[in-house]
Amino acid sequence: AQSVTQLDSQVPVFEEAPVELRCNYSSSVSVYLFWYVQYPNQGLQLLLKYLSGSTLVESINGFEAEFNKSQTSFHLRKPSVHISDTAEYFCAVTGGTSYGKLTFGQGTILTVHP
Amino acid sequence: DTGVSQDPRHKITKRGQNVTFRCDPISEHNRLYWYRQTLGQGPEFLTYFQNEAQLEKSRLLSDRFSAERPKGSFSTLEIQRTEQGDSAMYLCASSFPGPSTDTQYFGPGTRLTVL
């Protein structure tokens, strides 16, 4: 079975500060990793994904995540956040016998203060 | 293409009633997934279809829940004899298998409140 742990339920930061949202996973097989974002009153949107190749993946709005197999982590980072980044962020994993089915973490609420 | 759509967006019902939700996936996506999200939690997998075949069901999907995708296009999720514990956001996602894995695109969800 696979599992995902998001280590922080809430992360408050000031605008233009850096942020890191932590995600650790557990799996006995190769995995594919995703970060989804959910803005208030909206559905889940794919932010970025790791499938294979370079362990550093980037999104179009400045977020990046690094797949670390030895530490079983896929932390999400942004060097300078904006008010508009306020949302809930979910880390998810799929792979192996659960191919196709996503297992999500509990979510991290990022609140950016002016 | 406007993405995955779900109907209704909100449903309030009394305990014991039956409810049905509809999901229209992105056209040409042959995989369709249902998830349930309760307050403060991440989405939990319920079931998925490849075309019209239901290939996997979670243990969360009790016998009061049934899902169909009769023609391999839209899908319905029915909950019979609703209970207050069924109150949640029901999410639908669709995907088209790629060379290594498929990326799921989510609809806006149906929020169910059972009184």
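Residues numbered from 1 in each chain as written. Chains lettered and ligands numbered in written order. Predicted model: local features only at pLDDT ≥ 70, side-chain atom pairs only at ≥ 80, totals over all residues. Heavy atoms only, no water.

Q: Mind laying out the overall build of chain A, listing which residues take part and the relevant values?
A: Looking only at helices and strands, chain A features zero helices and twelve strands. Of the regular secondary structure in chain A, the N- to C-terminal order runs β-β-β-β-β-β-β-β-β-β-β-β. Here the C-alpha radius of gyration of chain A, 14 Å, is about what a compact globule of 114 residues would show, namely 13 Å. C-alpha atoms of chain A, sized along the principal axes, occupy 45 × 30 × 25 Å. Relative to its full complement of 114 residues, chain A shows a buried share of 48%. The long-range fraction of contacts in chain A, counting pairs at least 24 apart against all pairs at least 6 apart in sequence, stands at 57%. A total of about 5,500 Å² of accessible surface is found on chain A, and carbon and sulfur atoms cover 50% of it. Averaging the locations of the 6 positively and 9 negatively charged side chains of chain A gives two centres separated by 12 Å. (Helix = DSSP H or I, 4+ residues; strand = E, 2+ residues; numbered from the N terminus. Rg over C-alpha atoms; globule rule 2.2 N^0.38 Å. Buried < 20%, exposed > 50% of the residue type's maximum accessible area, 1.4 Å probe, protein only. Contact = heavy atoms within 4.5 Å. Areas by Shrake-Rupley, 256 points an atom, 1.4 Å probe, with all protein chains shown as cover. Lys, Arg positive; Asp, Glu negative; His and termini not counted. Charge placed at Lys NZ, Arg CZ, Asp CG, Glu CD.)

Q: Which residues make up the side chain of A:S73, and what values do they have?
A: Relative to the assigned elements, A:S73 resides in strand 9 (residues 73-78). Excluding its chain neighbours within four sequence positions, the residues that come into contact with A:S73 are A:C23, A:N24, A:Y25, A:E66, A:F67 and A:N68.

Q: Describe the state of the cysteines, naming the residues involved and giving the relevant values.
A: All names here are of chain A. What the rule picks out here adds up to two disulfides over all chains. Residue C23 pairs covalently with C91 via a disulfide, S to S 2.0 Å. As the torsion about the S-S bond is roughly -65°, the C23-C91 disulfide counts as left-handed. Taken together, the positions of C23 in strand 4 (residues 23-26) and C91 in strand 10 (residues 87-94) put the pair 68 residues apart, joining distant regions of the chain. Given a relative accessible area of 0%, C23 falls into the buried group. (Disulfide = S-S within 2.5 Å.)

Q: Talk me through unusual backbone geometry; I want residue IDs and the actual numbers.
A: That bond from B:D7 to B:P8 is cis: its omega, -5°, falls within 30 degrees of zero. Mapped onto the elements, B:P8 comes out in the loop between strand 1 (5-7) and strand 2 (10-13). Within the chain, A:T72 stands out as a residue other than glycine whose phi angle is a positive 45°. Mapped onto the elements of the fold, A:T72 is located in the loop between strand 8 (64-68) and strand 9.

Q: Lay out the interface of chain B and chain A with the relevant residues and their values.
A: Facing 21 residues of chain B, the contacting portion of chain A comprises 19 residues. In this assembly, chain B packs against chain A so that about 1,700 Å² is buried in total across both faces, 52% of it on carbon and sulfur atoms. At the boundary of chain B with chain A, the tally comes to one salt bridge. Among the ionic pairs, A:K101 bridges to B:E56, the shortest N-O distance being 3.1 Å. Elements with a contribution of two residues or more to the side of chain B that touches chain A: strand 4 (31-37) and strand 5 (44-50) of chain B. For the side of chain B that touches chain A, the leading source of residues is strand 4 of chain B, giving four residues. (Buried area = accessible area lost by both parts, 1.4 Å probe. Salt bridge = Lys/Arg side-chain N within 4 Å of Asp/Glu carboxyl O.)

Q: Before we move on, could you go through the nonpolar core and cite the residues and values that matter?
A: In globular proteins that are soluble, nonpolar side chains generally tend to be buried together. Core analysis: the largest hydrophobic core is formed by 28 residues, its most contacted members being A:L33, A:W35, A:L47, A:L48, A:F74, A:L76 and A:Y89. When residues in this core are grouped by element, the largest group, four residues, is from strand 10 of chain A. When sequence neighbours within four positions are dropped, the list of residues in contact with A:L33 reads A:Y25, A:L48, A:K49, A:Y50, A:F67, A:F74, A:A92 and A:V93. Core analysis: the next-biggest nonpolar cluster, separate from the first, contains 19 residues, B:L32, B:L46, B:I79 and B:Y90 among them. (Core = buried A, V, L, I, M, F, W, Y, C linked by side-chain atoms within 4.5 Å.)

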